[in-house]
Protein chains: 2
Amino acid sequence: MPDVKGELRPLDTRPGETRPAAGAGLLFLREEELRAAQDLLFFAYRDFTGAADEVLAGLGMGRAHHRALHFIGRNPAIPVSDLLAILHITKQSLARVLTALVEDGYVIQQQGQTDRRQRLLTLTARGEALERQLFERQRERLAHAYREAGAGAVDGFRRVMRGIMDGDARQYLDRGSR
Amino acid sequence: MPDVKGELRPLDTRPGETRPAAGAGLLFLREEELRAAQDLLFFAYRDFTGAADEVLAGLGMGRAHHRALHFIGRNPAIPVSDLLAILHITKQSLARVLTALVEDGYVIQQQGQTDRRQRLLTLTARGEALERQLFERQRERLAHAYREAGAGAVDGFRRVMRGIMDGDARQYLDRGSR
DNA sequence: TAATTATGGCAGTAATGTTGACGTAGCTGG
DNA sequence: CCAGCTACGTCAACATTACTGCCATAATTA
């Protein structure tokens, strides 16, 4: 565990909490660094999703609808089971939003050709339009962040984010799409 | 709203990747890049929070409790209003988890000295222990990601994450702590 | 044919969030 | 000093999103 990352920050302005006394200085710095990452993930995710939430609220939908739209859009003709595996939610939770999306004409279900039990999910033109509208809100933030941070930073961002997620999520991302 | 985008998307098996599509090549790549970032944020956040959720479930608590513990831990003697501003939830939503945390002895409320209307929130030793237990789960992932990605990547990660969040979130992070 | 798989559906529950209204104590400015 | 604002608490009602468990159907597979 090479966590010898000396920077010697004498802690912030406050003297309290988590006083490991003396020799744990380096260890403490590393911890602060990781706690700061917790903050980053919280705020970035909060504001990133918040951008789309505003639009969704006006349509009587929530984040769950957006997530479904997003992954169906990126994986046309995706079977329900694959979508469940991506979202890590239960069948019933997905069914709720999926029913709404189909009824409102955002998604169509088609019977699978190789396996006729499957209901392959695809966005309609209407669904693509909505997904795009939601994407545009988030796009602004991302484009801003990417532009401001620069190409090298973006690569680092990608690498760290991949490292945080589970192996099967990385695997999913690696396989192009389907 | 430009939803001219009729049914014309014949590329069934593979949506993105190397779609020249005439002169819009560069623009398209940029879009794919940003959509990939949506994926990254979803999976990283999903698995990052999931790590702590396992512990929380065993204690009959949820993410909301963890978020409160985290920010109280990082800001001892924080007034309720400040915590509300960080979490972006309503007073009532916070009150629910806060009541539980106080009743279970994880958090103490102390009257403010300069402004006696304030209830300053601080973790008890028990609260610190729980927060630490939750942190440890996430720490593994973060440490793994940071180690694997390298110091340069971590810097890029930080810069991009900061770019995604709102200005006031950046401001909060910049002020050290309180 | 029997077992498994993919999917759908129903019932009930929990966690988290919302709005709106009301109350109380304490601070602050004219 | 009083009026008004602020910080906080609380109650009621409701929506979204998640969960578990159970049952059903159709299609694939061994």
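As the structure is a computational prediction, the values presented were derived from the model and not from experiment. (Residues numbered from 1 in each chain as written. Chains lettered and ligands numbered in written order. Predicted model: local features only at pLDDT ≥ 70, side-chain atom pairs only at ≥ 80, totals over all residues. Heavy atoms only, no water.)

Novice: Quick question: what am I supposed to make of the pairing of strand β3 (residues 119-123) of chain B here?
Specialist: Put simply, side chains in a regular strand alternate between the two faces of the sheet. Residues and elements named next belong to chain B. Most of β3 sits out of view: four of its five residues are buried. Two elements, strand β1 (residues 78-79) and β3, share two bridges in a ladder whose sense is antiparallel. By the bridge assignment for β3, P79 is matched with L120. (Buried < 20%, exposed > 50% of the residue type's maximum accessible area, 1.4 Å probe, protein only. Helix = DSSP H or I, 4+ residues; strand = E, 2+ residues; numbered from the N terminus. Pairing = 2+ DSSP bridges.)

Novice: Quick question: what am I supposed to make of the sheet that holds strand β2 (residues 107-111) of chain A here?
Specialist: The pairing of strands in a sheet comes from backbone hydrogen bonds and takes either a parallel or an antiparallel form. Here we have three strands laid out as an open sheet, ordered β1-β3-β2 (chain A), and antiparallel in their pairing. At either margin of the open sheet sits one strand with a lone partner, and together these are β1 (78-79) and β2 of chain A.

Novice: Would you take a moment to explain the protein's contact with DNA strand C for this structure?
Specialist: Taken together, 24 residues form the shell around DNA strand C, and within it R117 of chain A together with G62, R67, T90 and S93 of chain B come nearest. What you see for DNA strand C is that sugar and phosphate hold 54% of its atoms within 4 Å of the protein. Between a phosphate oxygen of DNA strand C and a main-chain N or O atom of V80 of chain A, the distance comes to 3.2 Å. Between DNA strand C and T90 of chain B there is a distance of 2.6 Å, counted from a phosphate oxygen to a backbone nitrogen or oxygen. Counting only elements with at least two residues in the surface near DNA strand C, the list comes to α3 (80-87) and α4 (91-103) of chain A together with α2 (63-74) and α4 (91-103) of chain B. It is α2 of chain B that provides the largest number of residues to the surface near DNA strand C, a total of four residues. (Near = heavy atom within 4 Å. Polar contact = N/O pair within 3.5 Å; in protein donor to acceptor, adjacent residues only side chain to side chain.)

Novice: Please explain the protein's contact with DNA strand D as it appears in this structure.
Specialist: Around DNA strand D sit 23 residues, and of these G62, R67 and T90 of chain A together with K91 and R117 of chain B come closest. Here DNA strand D approaches the protein such that, of its atoms within 4 Å, sugar and phosphate make up 59%. Contact between DNA strand D and R96 of chain A: a base nitrogen at 2.8 Å from a side-chain N or O atom of the residue. For the surface near DNA strand D, the secondary structure elements donating two or more residues are α2 (63-74) and α4 of chain A together with α3 (80-87) and α4 of chain B. By residue number, the principal contributor to the surface near DNA strand D is α2 of chain A, which donates four residues. Taken together, the residues that form the surface near DNA strand D break down as four nonpolar, ten polar and nine charged. (Nonpolar A, V, L, I, M, F, W, Y, C, P; charged D, E, K, R; others polar.)

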